[in-house]
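Remarks on the overall topology
Single-letter residue listing:
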Amino acid sequence: MLKIEDIDSAYPDDIFMYPTGFEDCIIGVYEEKMILVLDADKIIEKLINEEGMSSTDAIEHFHFNIEGSKGEGFPIYVKTKIL
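In this report, the structure presented in the accompanying data block is examined.

Definitions and cut-offs
- Think of each chain on its own: its residues are numbered from 1, step by step along the sequence as written.
- In keeping with the model being predicted, local features are shown solely for residues with a pLDDT of at least 70 and side-chain atom pairs are shown and tallied solely at 80 or more, while totals for entire chains, interfaces and linings include all residues.
- Only hydrogens and water are set aside; all other atoms, that is, all heavy atoms of the structure, feed into the side-chain values.
- Orientation is described by lines fitted to C-alpha atoms, with helices fitted over the stretch in contact, and by angles between N-to-C directions that extend from 0 to 180 degrees.
- Runs of E in the DSSP output that reach at least two residues are strands. Runs of H or I that reach at least four are helices, and both are numbered from the N terminus.
- For classification purposes, angles smaller than 35 degrees are called roughly parallel, those larger than 145 roughly antiparallel, those between 65 and 115 roughly perpendicular, and all remaining angles oblique.
- Here a crossing is taken to be left-handed if its near helix is turned anticlockwise relative to the far helix by less than a right angle, and right-handed if that turn runs clockwise.
- Throughout, a contact is declared for two residues whenever any of their heavy atoms are within 4.5 Å.
- Only when DSSP finds a minimum of two bridges between them are two strands counted as paired.
- Buried residues are those whose accessible area, probed at 1.4 Å on protein chains only, stays under 20% of the maximum for their type, while exposed residues exceed 50% and partly exposed ones sit between those limits.

1. Quick word on the packing of helix α2 (residues 40-51) against helix α3 (residues 55-66)
Two elements in contact, α2 and α3, have axes separated by 9 Å at closest approach and are oriented at 125 degrees. In terms of their interaxial angle, α2 and α3 are classed as oblique. Note that α2 runs across α3; the crossing there is right-handed. Of the residues in α3, those touching α2 at Ala 40, Ile 43, Ile 44, Leu 47 and Ile 48 are Ser 55, Ala 58, Ile 59, His 61, Phe 62 and Ile 66.

2. Quick notes on the sheet that holds strand β3 (residues 76-78)
Pairing in this open sheet of three strands is mixed, and the strands run β1-β2-β3 from one edge to the other. This sheet does not close on itself; its edge strands, each paired only once, are β1 (26-30) and β3. On average, adjacent strands in this sheet sit at an angle of 30 degrees to one another, irrespective of strand direction. With three bridges connecting them, strand β2 (residues 35-39) and β3 associate as parallel partners.

3. A short note on the environment of Asp 57
Among the secondary structure elements, Asp 57 is positioned in helix α3. What makes Asp 57 partly exposed here is its relative accessible area of 44%.

Function cannot be read off these values alone, since they describe shape.
Listed below in structure tokens is the structure:
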């Protein structure tokens with residue numbers, strides 16, 4: 001598992017943005033833009049398991065409140081499971 005501390009050590013001159021509490025969902029760095037890549041499915045699973053959301057609520061929350069936050073330096077999210 002990739003840890004934010006390891007990323008910070010490897011890229012000491014860069015500042016990475018990510019949703020707080022989802023550090024364990026980081027799966028890589030997109031070096032062309034120097035932004036983090038996060039696992040969307042793991043975030044949704046975490047919302048269900050740790051926040052007690054239904055799957056429908058977790059998916060909606062992810063799309064509108066996490067993935068929906070856009071701007072320079074914001075991470076990208078990838079699906080790692082095909083439903």
